[in-house]
Amino acid sequence: MSEGAGGGKMKRVMKGFSTPVCLKGPVVKGFQRGSKLLGWPTANLDPKAFHGKIDQLDEGVYFGFAKIESDAKIYKSALSVGWNPQFNNKEKTVEAYLVNEFKEDFYGEAMHLMICGYVRPQVKFDGIDSLKDAIRGDVDATVKILNDKLYSDMEKSDFFKS
């Protein structure tokens, strides 16, 4: 559970998709808030890579897998899809937190994103600390569900080989 703007508790839905949403495109510089302000560095997908491809997705937090072209490993990923109401973004973003500590940035590299399911809606929080706590819970819930056999086999998808 996480605190929402009005102080109420928000439940994590953790609802998987029957067919994952797959996106591929270059990593671009975002607003630089993920690592600097929040302590959760994200890889932002170029908007051209998802334009018209995620219209069916509600604004929210999702779970899935990500692969960077130059890296053979596939990473569990908590994703934010939408306008980030905490910061009143003017454009829709797809930001992935890859569960790993990277030593270097990988801007410009192609990223494969497989969105497997929905965690919760995006909301505006009472403050940055509440948002950080919610992200921590989102990442923990993402890792837990992606360890399930139902999802762990998705790492072997041909999508990550293209």
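I will try to describe carefully the structure that is included in this document.

Thresholds, definitions, all that
Residues numbered from 1 in each chain as written. Predicted model: local features only at pLDDT ≥ 70, side-chain atom pairs only at ≥ 80, totals over all residues. Heavy atoms only, no water. Pairing = 2+ DSSP bridges. Helix = DSSP H or I, 4+ residues; strand = E, 2+ residues; numbered from the N terminus. Axes fitted to C-alpha atoms, helices over the stretch in contact; angles between N-to-C directions. Salt bridge = Lys/Arg side-chain N within 4 Å of Asp/Glu carboxyl O. Buried < 20%, exposed > 50% of the residue type's maximum accessible area, 1.4 Å probe, protein only.

Quick look at the sheet that holds strand β3 (residues 15-28)
- Spatially, six strands are ordered β3-β4-β7-β6-β5-β8 in a closed barrel, and the strand pairing comes out antiparallel. The average undirected angle you get between the axes of adjacent strands in this sheet is 40°.
- By the bridge criterion, seven bridges tie strand β5 (residues 60-68) to strand β6 (residues 75-82) in an arrangement that is antiparallel. Within the sheet, the bridge partner assigned to Gly64 lies in β6 and is Ser77.

Considerations on the pattern of salt bridges
- Counted by the stated rule, this structure contains six salt bridges.
- Between Asp138 and Arg120 there is a salt bridge; the shortest N-O distance is 2.7 Å. You can see Asp138 sitting in helix α2 (residues 128-146) and its partner Arg120 sitting in strand β8 (residues 110-121), a full 18 residues away along the chain. In terms of burial, Asp138 and Arg120 fall into one category: buried.
- Taking the shortest distance from any N to any O, the salt bridge between Lys161 and Asp158 comes out at 3.5 Å.
- The exposure class of Lys161 is exposed, given its relative accessible area of 63%.
- Overall, the relative accessible area of 57% leaves Asp158 in the exposed class.

Points about the pairing of β6
- Along β6, seven of the eight residues are buried, which leaves the element largely enclosed by surrounding structure.
- Hairpin connection between β5 and β6: a loop of six residues separates the two successive antiparallel strands.
- The pairing of β6 with strand β7 (residues 93-98) spans six bridges and is antiparallel. Directly across from Ala78, in β7, lies its bridge partner Tyr97.

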